[in-house]
Amino acid sequence: MKVDVLLGLQWGDEGKGKVVDVLTPNYDLVTRFQGGPNAGHTLEFEGQKYVLRSIPSGIFQGGKVNIIGNGVVLDPLLFKQEAEALAASGHDLTKRLYISKKAHLILPTHRVLDAAYEAAKGDAKIGTTGKGIGPTYTDKVSRNGVRVGDILCDFEEKYAKAKAKHETILGSLGFKYDLSELEAQWFEAIEYLKRFKLIDSEHVINGYLKEGKSVLAEGAQGTMLDIDFGSYPFVTSSNTICAGACTGLGVAPRRIGDVYGIFKAYCTRVGSGPFPTELFDADGEKMRKQGNEFGSVTGRPRRCGWVDLVALKYAVMINGVNQLIMMKSDVLDNFDTIKACVAYKIDGVETSEFPFELNDKVEPVYVELAGWKCDMTKMQSEDEFPEEFNAYLSFLEEVLEVPIKIVSVGPDREQTIVRYTEE
Ligand code: GDP
Ligand code: IMO
Ligand code: MG
């Protein structure tokens, strides 16, 4: 069997959590392969809403096993809070949530370093989620990290060594902080982590594949936030793209099966950085309001704009997407006209190729399509789609050269329409 990968094609928050939950019944195992609690994946069903940060979105369907893979960075304290909240609502995960021993730990000082680096950047700050993601991946790559498996042996020593390095840096930056309370809670959370099965996840995942079981890998963030191919330096610190599933789980490239690429019918971004199709007018405000575009982790208003097909086509290419999923179609229900960016004009020259960087010179070139002006939220099959909506889908499929297999028309699990299209 193969690992199917589901990932965001824009700047995150495309609706990955919702769709992973919907697709989980088709799989034996669901895994996260990168990122950490910078993610906020929202699921809604039976009148309940859950936001997951580190725990994969497959945990609500039929007792399936879920794994936090080696490519993830884990904050034990935030993990404990997340798992305890789920346990309080009747979802005890200790028996079916496994954690890779090779996942790196986010230390309290990593969070402080994140804040210190952002403060030092001033106006050029990334607008990170403040969860210590960058500093933890930096330590991983510079071979100074502390891993989940380390909590089982000589942990205090390893922790102290890493912390001392961080304190030297923070001292040189003159950054003031107080760790006393946070550190004590963090160590309690380390003990809590030991209730879970800490595993060599690469063996377990490949064992599943060998037995003919199916695996779904759940991406976090989005392709435009990828450390290599995103809008650098305004990106996160991991490979959010399909290739990240190989290194973040320990599966060979030839083991990758379907690649589901998720995008919103429009586009959003949180934090700083370029966003060519961003709207600063009433249309952008309307998207934010209709789409409830406020960060699920930070509560920050999300920047909104039209769909960017230059960036989407690039994301489809980088990831080898063979199935597209369009989310939040209902948010555009009340627009007379829908715009889609089909090219960029740079120094007066039009191109549909994604450039080296998205700087101030990049101007979007739009085509306009008619809006459908009706309520899509109660639709249950593609037979009910209005003509204008079908025209929008066909247009996107033609440009992106990949079929749109699923259309989402609301936040609930039930508001998901699988289309009949053939590949
Ligand atoms: P993720 O990070 O990719 O999992 O996405 P988030 O959960 O951060 O953001 C997506 C938001 O849109 C959440 O609040 C979802 O409940 C909501 N959502 C998902 N699909 C739809 C949809 O089709 N329509 C509407 N209106 N909301 C949706
Ligand atoms: P999900 O999985 C949207 C953004 C931050 C910031 C940049 C770097 O919910 O789609 P970081 O804390 O990772 O160092 O921040 O990346 N960012 C996200 N934006 N959705 C996310 O996750 C994000 N995770 C990080 O806003 O611009
Ligand atoms: Mg999110």
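The following paragraphs examine the structure supplied in this document. (Residues numbered from 1 in each chain as written. Chains lettered and ligands numbered in written order. Predicted model: local features only at pLDDT ≥ 70, side-chain atom pairs only at ≥ 80, totals over all residues. Heavy atoms only, no water.)

Details of the overall build of the chain
Here is the rule we go by: Runs of E in the DSSP output that reach at least two residues are strands. Runs of H or I that reach at least four are helices, and both are numbered from the N terminus. Throughout, radius of gyration means the C-alpha value; the globule benchmark is 2.2 Å times the number of residues raised to the power 0.38. We call a residue buried when its accessible area falls under 20% of the maximum for its residue type, exposed when it is over 50%, and partly exposed in between, using a 1.4 Å probe and counting protein chains only. By definition, residues are in contact when any of their heavy atoms lie within 4.5 Å. Calculation of accessible area relied on Shrake-Rupley with a 1.4 Å probe; when residues are assessed, cover is drawn exclusively from the protein chains displayed. The convention is simple: Lys and Arg are positive, Asp and Glu are negative, and His and the chain ends are not counted. One atom stands in for each charge, and that atom is NZ of Lys, CZ of Arg, CG of Asp or CD of Glu.
Helices and strands together make up the secondary structure of the chain, namely eleven helices and 20 strands. Against the 2.2 N^0.38 benchmark of 22 Å for 423 residues, the chain shows a C-alpha radius of gyration of 21 Å, consistent with a compact globule. Along the first, second and third principal axes, the C-alpha set of the chain runs to 65 × 50 × 40 Å. Across the 423 residues of the chain, 57% fall into the buried class. A separation of at least 24 residues holds for 76% of the contacts in the chain among residues at least 6 apart in sequence. About 17,600 Å² of surface is accessible on the chain, with carbon and sulfur atoms providing 49% of the total. A gap of 6 Å separates the mean positions of the 49 positive and 61 negative side-chain charges of the chain.

Topic: the coordination of the magnesium ion (ligand 3)
Just so we agree on the cut-off: Water is not part of the atom set, so a site may look incomplete; the donors themselves are N, O and S atoms within 2.8 Å of the metal, or 3.2 Å for Na, K and Ca.
Note on the magnesium ion (ligand 3): its protein donors are Asp13 (OD) and Gly40 (O). The metal-donor distances range over 2.1 to 2.2 Å. One end of the pair, Asp13, is in the loop between strand E1 (3-8) and helix H1 (16-23); the other, Gly40, is in the loop between strand E2 (29-32) and strand E3 (41-45), with 27 residues separating them in the sequence. Overall, Asp13 belongs to the partly exposed group, its relative accessible area being 21%. Residue Gly40 is classed as buried on the basis of its relative accessible area, which comes to 11%.

Focus on the sheet that holds strand E10 (residues 215-218)
Using the following cut-off: Note on pairing: DSSP must find at least two bridges between two strands before they are called paired. Axes, fitted as lines to C-alpha atoms, cover a helix only where it is in contact. Angles between the N-to-C directions of the axes lie from 0 to 180 degrees.
Judged by pairing direction, the sheet is mixed, and its ten strands sit side by side in the order E9-E7-E5-E2-E10-E1-E11-E15-E19-E20 without closing on themselves. Each of the sheet's edge strands pairs with one partner strand only, and the pair in question is strand E9 (197-199) and strand E20 (416-418). Strand-to-strand, the axes of this sheet are offset by a mean angle of 25 degrees, without reference to chain direction.

As for the site of ligand 2
Using the following cut-off: Near residues are defined by distance, with any heavy atom within 4 Å of the molecule or strand qualifying the residue. We define a polar contact as two N or O atoms separated by no more than 3.5 Å, with the added condition that, inside protein, one atom must be a possible hydrogen donor and the other a possible acceptor, whereas residues neighbouring each other in sequence contribute only through side-chain atom pairs.
By nearness alone, 21 residues border ligand 2, and Asp13, Lys16, His41, Thr129 and Thr236 come closest of all. Within the side chain of Lys16, one N or O atom sits 2.7 Å away from an oxygen atom of ligand 2. The contact in question runs from an oxygen atom of ligand 2 to an N or O atom on the backbone of Val270, over 3.2 Å. Here ligand 2, which alone exposes 550 Å², has 98% of that area covered by the protein.

Notes on the pairing of strand E4 (residues 48-52)
Alignment of E3 against E4, held across five bridges, turns out to be antiparallel. Within the sheet, the bridge partner assigned to Glu44 lies in E4 and is Lys49. Counted along the chain from E3 to the antiparallel partner E4, the turn is two residues long, and its residue Glu46 has a positive phi close to 45 degrees.

A look at the packing of helix H10 (residues 309-319) against helix H11 (residues 387-400)
Short version of the rule: Any angle between 65 and 115 degrees counts as roughly perpendicular, while under 35 counts as roughly parallel, over 145 as roughly antiparallel, and the rest as oblique. Whether a crossing is left-handed or right-handed is set by the direction in which the near helix is turned from the far one by less than a right angle, anticlockwise for left-handed and clockwise for right-handed. Side-chain classes are defined by residue name, with Ala, Val, Leu, Ile, Met, Phe, Trp, Tyr, Cys and Pro counting as nonpolar, Asp, Glu, Lys and Arg as charged, and the others, Gly among them, as polar.
For the pair H10 and H11, interaxial distance at closest approach is 10 Å and the crossing angle is 55 degrees. By the angle class used here, H10 and H11 are oblique. Remark: the crossing between H10 and H11 carries right-handed chirality. Contact with H10, carried on its side by Leu309, Leu312, Lys313 and Val316, involves Phe395, Leu396, Val399 and Leu400 of H11 and no other residues of that element. Here the residues of the contact of H10 with H11 sort into seven nonpolar, no polar and one charged.

Examining the nonpolar core
Selection criterion: We call a set of buried residues a nonpolar core when its members are Ala, Val, Leu, Ile, Met, Phe, Trp, Tyr or Cys and they connect through side-chain atoms within 4.5 Å of each other.
Formed by 57 residues in total, the largest nonpolar core has its most connected members in Val3, Val5, Ile256, Leu324, Met326, Leu332 and Tyr392. The element that contributes the greatest number of residues to this core is H11, accounting for five residues. Not counting residues within four places of it along the chain, the set of residues in contact with Leu332 comprises Ala265, Tyr266, Met287, Trp306, Ile338 and Trp372. Ranked by size, the runner-up nonpolar core spans 33 residues in total, among them Leu43, Tyr50, Ile190 and Leu193.

Here's the deal with the site of ligand 1
Within the structure, ligand 1 sits among 20 residues, and Gly15, Lys16, Thr42, Asp330 and Ser408 are positioned closest to it. Contact distances for ligand 1 include 2.9 Å between an oxygen atom and a backbone N or O atom of Gly17. Gly40 places a polar main-chain atom, nitrogen or oxygen, 2.8 Å from an oxygen atom of ligand 1. Among the secondary structure elements, those contributing two or more residues to the shell around ligand 1 are H1 and E3.

So, helix H5 (residues 155-173)
Cut-off, in case you're wondering: Expected helix span is given by 1.5 Å per residue-to-residue step, counting one fewer step than there are residues. Arc, as used here, means the arc of the directions from the helix axis to the C-beta atoms.
The end-to-end C-alpha separation of H5 is 27 Å, in line with the 27 Å expected for 19 residues at 1.5 Å each. Buried within H5 are the following residues: Phe155, Tyr159, Ala162, Lys163, His166 and Leu170. Here the buried residues of H5 occupy an arc of 100 degrees about the axis, which is enough to place them on one side. Opposite the buried face of H5, at more than 90 degrees from it, the exposed residues are Glu157, Lys161, Thr168, Gly171 and Ser172. Looking at the buried positions of H5, the neighbouring elements they touch are strand E8 (104-105), helix H3 (108-121), helix H4 (133-141) and helix H6 (180-193). In the segment just after H5, Gly174 is the residue with positive phi, at about 65 degrees.

Comments concerning the pattern of salt bridges
Here the idea is simple: oppositely charged side chains can pair when their charged atoms come close. So the rule is basically this: The salt bridge criterion pairs a side-chain nitrogen of Lys or Arg with a carboxyl oxygen of Asp or Glu, the two atoms within 4 Å.
Inspection of the entire model under this criterion finds 23 salt bridges. The partner of Glu293 in a salt bridge is Lys264, with the nearest N and O atoms 3.1 Å apart. Of this pair, Glu293 sits in the loop between helix H9 (282-290) and strand E13 (303-305) while Lys264 sits in strand E11 (residues 256-264); the two residues are 29 residues apart in sequence, bridging distant segments of the chain. Given the relative accessible area of 0%, Glu293 is considered buried. The exposure class assigned to Lys264 is buried, which follows from its relative accessible area of 0%. Of the charged contacts, one joins Lys373 and Asp336 as a salt bridge, the two residues approaching to 2.7 Å between their closest N and O atoms. Placement of Lys373 in the loop between strand E18 (363-370) and H11 and of Asp336 in the loop between strand E15 (323-327) and strand E16 (337-346) is noted, with a sequence separation of 37 residues between them.

Points about H3
Over its 14 residues, H3 extends 21 Å from the first C-alpha to the last, a length consistent with the 20 Å expected when each residue adds 1.5 Å. Within H3, the full set of buried residues consists of Pro108, Thr109, His110, Val112, Leu113, Asp114, Ala116 and Glu118. Each element contacted by the buried residues of H3 is listed here: E8, H4, H5 and H6. Note on H3: the residue one or two positions beyond its end, Gly122, has a positive phi of about 60 degrees.

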